[in-house]
Amino acid sequence: MKKRVVITGMGVVSSLGFGAEEFWNSIKEGKSGIDLIEKFDTSNYSAKVASEIKNFEPTDFMDKKEAKRMDRYNQFAMAAAKMAIENSGMDLEKIDKTRAGVIVGSGIGGIGTLEDQHEVFINKGPGRISPFFIPMMIANMASGRIAIEYGFKGFNECVVTACATSNNAIGDAFKVIQRGDADIMIAGGAEASITPLSLAGFCSMGALSTNPDPATACRPFDAERDGFIMAEGSGVLILEELEHAKARGANIVVEIVGYGNTCDAHHITAPSPEGEGGTRCMRMAIADAGIKPEDVGYVNAHGTSTPLNDPIETLVVKQVFGDHVKNIAMSSTKSMTGHMLGAAGAVEAIITSMALKEGFLPPTIHYKTPDPKCDVDCVPNIGRKADIKYALSNALGFGGHNATIALKKY
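Residues numbered from 1 in each chain as written. Predicted model: local features only at pLDDT ≥ 70, side-chain atom pairs only at ≥ 80, totals over all residues. Heavy atoms only, no water.

Visitor: Looking at this structure, I do not really get the overall build of the protein. What am I missing?
Guide: When helices and strands are tallied, the protein shows 13 helices and 15 strands. Here the C-alpha radius of gyration of the protein, 20 Å, is about what a compact globule of 410 residues would show, namely 22 Å. C-alpha atoms of the protein, sized along the principal axes, occupy 65 × 55 × 40 Å. In the protein, buried positions account for 61% of the 410 residues. Sequence-distant contacts, at least 24 apart, represent 78% of the contacts inside the protein between residues at least 6 apart. Summed over its atoms, the accessible surface of the protein is roughly 15,700 Å², and 52% of this surface lies on carbon and sulfur atoms. Across the protein, 41 positive and 49 negative side-chain charges occur, with their mean positions spaced 3 Å apart. (Helix = DSSP H or I, 4+ residues; strand = E, 2+ residues; numbered from the N terminus. Rg over C-alpha atoms; globule rule 2.2 N^0.38 Å. Buried < 20%, exposed > 50% of the residue type's maximum accessible area, 1.4 Å probe, protein only. Contact = heavy atoms within 4.5 Å. Areas by Shrake-Rupley, 256 points an atom, 1.4 Å probe, with all protein chains shown as cover. Lys, Arg positive; Asp, Glu negative; His and termini not counted. Charge placed at Lys NZ, Arg CZ, Asp CG, Glu CD.)

Visitor: Explain the side chain of D264 to me, please; I cannot follow it from the model alone.
Guide: Along the chain, D264 falls in the loop between β9 (254-263) and α10 (276-289). At 6.1 Å, R280 is the nearest oppositely charged side chain to D264, a buried residue that forms no salt bridge. A polar side-chain atom of D264 sits 3.1 Å from the main-chain amide nitrogen of S272. Only 2.9 Å separates the side chain of D264 from the side chain of N402, close enough to count as a polar contact. When near neighbours in sequence (up to four residues on either side) are disregarded, D264 contacts P271, S272, G277, G278, G400 and N402. (Salt bridge = Lys/Arg side-chain N within 4 Å of Asp/Glu carboxyl O. Polar contact = N/O pair within 3.5 Å; in protein donor to acceptor, adjacent residues only side chain to side chain.)

Visitor: I keep staring at the pairing of strand β5 (residues 100-105) and nothing clicks. Help me out?
Guide: Looking along a regular strand, one sees the side chains alternate between the two faces of the sheet. Where burial is concerned, most of β5 is hidden: six out of the six residues are buried. Taking every second residue as pointing to the same face, both faces of β5 are buried, with A100, V102 and V104 on one and G101, I103 and G105 on the other. Bridge analysis of β5 against strand β7 (residues 184-191) gives six bridges, and the strand direction is parallel. Across the sheet, G105 pairs through a bridge with G189, a residue of β7. Bridge count for β5 against strand β6 (residues 156-157) is two bridges, and the pairing is parallel. In the strand pairing of β6, V102 is matched with N156. (Pairing = 2+ DSSP bridges.)

Visitor: What should I look at first to understand the nonpolar core in this one?
Guide: What tends to happen in soluble globular proteins is that the nonpolar side chains get buried as a cluster. Ranked by size, the top nonpolar core spans 49 residues in total, and within it I7, M10, I170, M185, L237 and L239 carry the most contacts. Every residue in contact with M185, bar those within four places of it in the chain, is listed here: G101, V102, I103, F155, A173, V176, I177, L237, I238 and L239. (Core = buried A, V, L, I, M, F, W, Y, C linked by side-chain atoms within 4.5 Å.)

Visitor: Whenever I open this one, the packing of aromatic side chains confuses me. Can you help?
Guide: Working definition: an aromatic ring pair is given by the centre-to-centre distance plus the angle between the planes. Taken as a whole and assessed by the stated rule, the structure comprises eight aromatic pairs. Between F18 and F56, the ring centres sit 6.0 Å apart and the planes meet at 90°, which makes this aromatic pair edge-to-face. On the criterion of sequence distance, the pair formed by F18 in strand β2 (residues 17-18) and F56 in the loop between β4 (49-50) and α2 (64-68) is long-range, its members being 38 residues apart. Taken together, the aromatic side chains of F18, F56, F61 and F76 make up a single cluster linked through ring pairs. (Phe/Tyr/Trp six-rings, centres within 6.5 Å; stacked < 30°, edge-to-face > 60°.)

Visitor: Even after reading the chapter, I still don't get the packing of helix α1 (residues 20-28) against helix α13 (residues 344-358), so can you show me in this structure?
Guide: Packed helix pairs are characterised by how far apart their axes lie and by the angle those axes make with each other. Relative to each other, α1 and α13 sit at 75°, their axes nearing to 11 Å. For the element pair α1 / α13, the angle class is roughly perpendicular. Counted together, F23, W24, I27 and K28 of α1 and V347, I351, M354, A355 and E358 of α13 form the full contact between these two elements. Broken down by class, the residue content of the contact of α1 with α13 amounts to seven nonpolar, no polar and two charged. (Axes fitted to C-alpha atoms, helices over the stretch in contact; angles between N-to-C directions. Parallel < 35°, antiparallel > 145°, perpendicular 65-115°, else oblique. Nonpolar A, V, L, I, M, F, W, Y, C, P; charged D, E, K, R; others polar.)

Visitor: So what exactly am I meant to see when it comes to the pattern of salt bridges here?
Guide: Opposite charge on two side chains allows them to pair when their charged atoms are near. Scanning the model with the defined rule gives 24 salt bridges in all. Note that E38 is salt-bridged to K54, the shortest N-O span being 3.3 Å. Remark: K54 occurs in the loop between β4 and α2 and E38 occurs in the loop between β3 (35-36) and β4; sequence separation between them is 16 residues. With relative accessibility at 59%, the residue E38 sits in the exposed group. The class for K54 is partly exposed, based on a relative accessible area of 43%. E66 is paired through a salt bridge with R69; the nearest N and O atoms lie 3.8 Å apart. Through salt bridges that share partners, K2, K175 and D288 make up one connected network.

Visitor: Where do I start with helix α4 (residues 111-124) in this structure?
Guide: A turn of α-helix holds 3.6 residues, and therefore any two residues three or four places apart point the same way. Here α4 spans 20 Å end to end across 14 residues, near enough to the 20 Å set by a 1.5 Å rise per residue. Regarding α4, the residues found buried are I111, G112, T113, E115 and Q117. Each element contacted by the buried residues of α4 is listed here: α5 (133-137) and α8 (196-204). One or two positions beyond α4, positive phi appears at G125, with a value near 95°. (Expected span 1.5 Å × (residues − 1).)

Visitor: Explain the packing of helix α7 (residues 165-178) against α13 here, please?
Guide: One can describe the packing of α7 onto α13 by two numbers: an axis separation of 5 Å at closest approach and a directional angle of 65°. Between α7 and α13, the contacting residues are S166, N167 and I170 on the first element and A344, G345, A346 and A349 on the second. For the contact of α7 with α13, the per-class residue count stands at four nonpolar, three polar and no charged.

Visitor: Just checking my understanding: could you explain α13 for this structure?
Guide: Given a rise of 1.5 Å per residue, 15 residues ought to cover 21 Å, and the 21 Å separating the end C-alpha atoms of α13 matches this to within 8%. Counting buried positions along α13 gives 13 out of 15 residues, so the element sits mostly inside the fold.

Visitor: Quick question: what am I supposed to make of the side chain of S393 here?
Guide: As for its placement among the helices and strands, S393 is situated in strand β14 (residues 390-397). Overall, the relative accessible area of 0% leaves S393 in the buried class. If we ignore the near neighbours within four places in the chain, the residues touching S393 are N167, N300, E348, A349, T352, A403, T404 and I405.

Keep in mind these values describe shape, not function.
Here's what the structure looks like:
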């Protein structure tokens, strides 16, 4: 018999605040974390804005010596995990740590460390490279370090599926508990890719908005959209087997009930033009949840504000929901957070969980000019109350990766 799985803790590091409560309040108010890039000179870049975290102090969350041995993405993950553990109210001395695991991924990992150490190599030679270079750079170190910090000795891995990364991490963790291989899983993603080389790469491929105005650069589903906005941060959730959570008197946020995972097998960066992979993915999550399409009231869209993603995702939901699509709200919270790449799914899972728990639909801000190809209820500019029982959250990644999770009000 399949185990039931609930979310009992959440942690966020973002430009819109630290911790689930501060972050969710910013989302409800429709705040934007997008601004002009300050970390480095963007004079020679086509993109000028991003969603930078400008007030993060690693030592607020971890030992100073250890923080120096981590890339920024790993620091974000450790901070979000600490907040999620605290938010869960879990007594770590009272759990079986051989049945507690971690799946925290990153789309790009320690690219900042890679850039820094390459400069050292060129200017000072191989003898000056840090002995921590490799463990700082590799993407699995967030999962490894979180497990070491809390002594979690169970299932441990790192998912890397570009922008679908943390939805896959959550979905895989859900299945680990559901099949009985763990009682508790820490799941999510972290990213710190607003760096000179990384930004140059995304600019070169034409993926980013070239609009220099932070107030209008990210406008999902809007006819004037022209690309996505880079963001950094981390989202981490505590997934727990229902009876285990009830036995310790946990504060249950929502239940996770379904997971879909497919591939377009079409193109390295562009989604399938007919939305075939995304459609199968959402249908898989709905079927896994044992519900009907009509039961779903809200979809947190991948909604990147790119010319290709938004109309194809609109097509996907029409194919999945048919006539019921007129009853569904589908907002893109990337309009507020920017696109956290491998961390996006986890942060949006937290938003979707809170939307269910509080009965509030988060808005798509910066929306002004309707696009006939994106004719969905995107909850334009102002969030609103709505009593919903089931919601889906989509994440789509380069390489054709599609991942959808289904959540249920508890």
